[in-house]
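# Close look at the chain arrangement
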Amino acid sequence: MKNNFPKDFLWGASISAYQAEGAIQEDGKVLSIADLSTRDENGNCTNAISSDFYHHYKEDIRLMGEMGAKVFRFSLAWPRIMPEQEGVRNEAGIRFYHQVLDELEKYGITPVVTLFHYDLPVTFQERYGGWQDRRTVDAYMAFVRICFEEFGGRIHHFLTINEPDILFMYGGHGLDLDGRDKWKKDRLKINHNFALAHARAVNLCHEMLPDAKVGPVFGYVPVYAESCRPLDKIAAMNISERQNHFFQELFLNGRYVRHILEFYGKESELPEITEEDEKLLRSAHSDFIALNYYKSDVAKWCEEEARAQEMQGNVGGKKGTCVYPKVPGCYELCANPYLERTDWDWEIDPTGIRVMLREVYQNYYLPILITENGVACHEHSEGEEVQDDARIAYLDGHIRECGKAIEDGVELMGYCVWSFLDLMSTGHGAYKRYGLVYVDYETEERKRIPKKSYRWYKELIENYEV
Ligand code: BG6
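This text gives an overview of the structure that appears in the document.

What counts and what doesn't
Every residue gets a number counted from 1 within its own chain, in the order that chain's sequence is written. Per-residue local features are limited, in this predicted model, to residues with pLDDT of at least 70; the limit for side-chain atom pairs, both in listing and counting, is 80 or more; totals at the level of whole chains, interfaces and linings are taken over all residues. To get the side-chain values, take all heavy atoms of the structure and skip hydrogens and water. Whether a residue is near a molecule or strand depends on its heavy atoms: if one lies within 4 Å, it is near. Polar contacts here mean pairs of N or O atoms no more than 3.5 Å apart (in protein, one a potential hydrogen donor and the other a potential acceptor; neighbouring residues in sequence count only if both atoms are side-chain atoms). All accessibility values rest on the Shrake-Rupley procedure with a 1.4 Å probe; residue burial counts only the protein chains present in the view. All residues other than Ala, Val, Leu, Ile, Met, Phe, Trp, Tyr, Cys, Pro, Asp, Glu, Lys and Arg, Gly among them, are scored as polar; the first ten of these are nonpolar and the last four charged. Axes, fitted as lines to C-alpha atoms, cover a helix only where it is in contact. Angles between the N-to-C directions of the axes lie from 0 to 180 degrees. Per the convention used, a helix needs a DSSP run of H or I reaching at least four residues, while a strand needs a run of E reaching at least two, with both numbered from the N terminus. For classification, angles of less than 35 degrees are called roughly parallel, those exceeding 145 degrees roughly antiparallel, those between 65 and 115 degrees roughly perpendicular, and all remaining angles oblique. The contact rule is simple, with two residues in contact once any of their heavy atoms fall within 4.5 Å. Accessibility here uses a 1.4 Å probe with only protein chains present; expressed as a share of the type maximum, an area under 20% marks a residue as buried, one over 50% as exposed, and anything in between as partly exposed. One requirement defines pairing of two strands: DSSP has to find at least two bridges between them.

Close to the ligand lie 16 residues, the nearest being Q19, E163, T426, K432 and Y434. Between the ligand and Y434 there is a distance of 2.5 Å, counted from an oxygen atom to a side-chain nitrogen or oxygen. When the free accessible area of the ligand is taken as 370 Å², the share hidden by the protein chains comes to 94%. Residue composition of the shell around the ligand, grouped by class: five nonpolar, eight polar and three charged.

The description of two helices packed together rests on the angle between their axes and the distance between the axes. Interhelical geometry of helix α3 (residues 53-67) versus helix α5 (residues 91-106) gives an angle of 10° and a closest axis separation of 9 Å. Comparing the axis directions of α3 and α5 gives the class roughly parallel. The residues of α5 that touch α3, namely those facing F53, Y54, Y57, K58 and I61, are F96, Q99, V100, E103 and L104. Its residues placed into classes, the contact of α3 with α5 shows seven nonpolar, one polar and two charged.

Attention now moves to the environment of M64. Tracing the backbone through its elements, the reader meets M64 in helix α3. Distance in space between the C-alpha atoms of M64 and F420 is 7.9 Å, their sequence separation being 356 residues. Once residues lying within four places of it in the same chain are set aside, the contact partners of M64 are A69, F72, I109 and F420.

This part covers unusual backbone geometry. What is expected of a backbone is that most residues other than glycine have negative phi and most peptide bonds are trans. In this model, W418 is joined to S419 through a cis peptide bond whose omega is 5°. Among the structural elements, S419 can be located in the loop between β12 (412-418) and β13 (437-439). Here A23, not a glycine, exhibits a phi torsion of approximately 45°, which is positive. A relative accessible area of 6% means that A23 is categorised as buried. The phi dihedral of D27 falls on the positive side, at around 50°, and the residue is not glycine. Note that D27 resides in the loop between α1 (17-20) and α2 (33-37). Residue D27 is classed as partly exposed on the basis of its relative accessible area of 41%.

Read across the sheet, four strands follow the order β6-β8-β10-β9 without closing on themselves; strand pairing throughout is mixed. Of all the strands in the sheet, just β6 (223-225) and β9 (326-327) have a single pairing partner and so form its edges. Note: strand β8 (residues 297-300) against strand β10 (residues 331-334), three bridges, orientation antiparallel. Paired with K300 across the bridge in β10 is E332. Of the strands in this sheet, β6, β8 and β10 touch helix α10 (residues 230-253), which is tilted by about 165° from β6.

Here it is, written out as structure tokens:
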């Protein structure tokens, strides 16, 4: 394979706090709204067990170091660091992350840290009613300030809010605790407050930590037109502008794409956008863009008289159970006959990552970091190495396309596999596995067993270094 990757390329892997740490009420941590929304069929919090990174971080980071990782992307848990009150620190939580950073330093691994990956503490949810209330933005900023003060000397790459676009499109993670209808009504306000929080965090980072870099994280889904019928192209543009461009313009250029705001405004209440908000949004200049990529979409024209259909994701992992959405007079999504799908009906499309990188780069010309890319599989181990050849093929294909994107001129800083170890999937529980390292949920000690893909990735990093 032609090696286009620069020597200082950040090869790495990702996790997020609420999906991997466990220990959800330990050492002063309170529950988050994401904890509440992730229950198994018996009503138990599945991330209460999770992969227990909280107690295994030393072993996990050692494995990361041995793999040759240059970067580790994880999140700081707000309910661990500032559980109760604005500005009131939980020293045990802060100590935990210092210990994580100590371990990373030992192995020369650069931390890239998300400040919000879905875990709003229930304490703040109860006090302010959630992200639809601006006071939650102030609370987030109090948390961010603590993170910058405390870790600013040790962390030089910050991400503000994980995937506001995907949160807007699909909700979940506790944003819809009061029901889907309420969330739908509020989602433009929630998104506006995410944008304000992002802009304030970017500005505060530049003010307090002039050497640090900060940016947003998007979950980008490139869209193909089903055919060369001109209306199919319009349909593809319609959905791409609604799920990708609208958010990028807001978070990167501080600009609302008005006609899309109005489109969403048909079913959601419009947020109050003050002149001050507009000024703030425009004042925040990100240093880089983080992108999460899993799949692409195909769109075709949907006639005005068609019946609307909501997207119904395949949550059970049984191939072929996903129902594609239809938005009359705008677009509908459909299967891609050229691509295989995962058991959760996500299209496996390595070229799509190259498409995404080019589309985003040519719009913003900022360096890009892939913070998530990976594939979920049904896997089981009785102690032996999992032979996850499908994951290896997926990662290999996507990494090759990243190399081509670099050749195309994209400034790509690094690539992180989602996920370093098996963890709780956001929508589908612990048994939708993404990890390079298997976690045995059946045993109390959550035994770690590196998969074949771990060995493969280690070799890849070694080869690319030379
Ligand atoms: C991204 C999120 O949207 O996709 C992760 O940032 C998530 O938190 C990942 O785990 C995969 O999605 P899922 O629903 O399969 O866990």
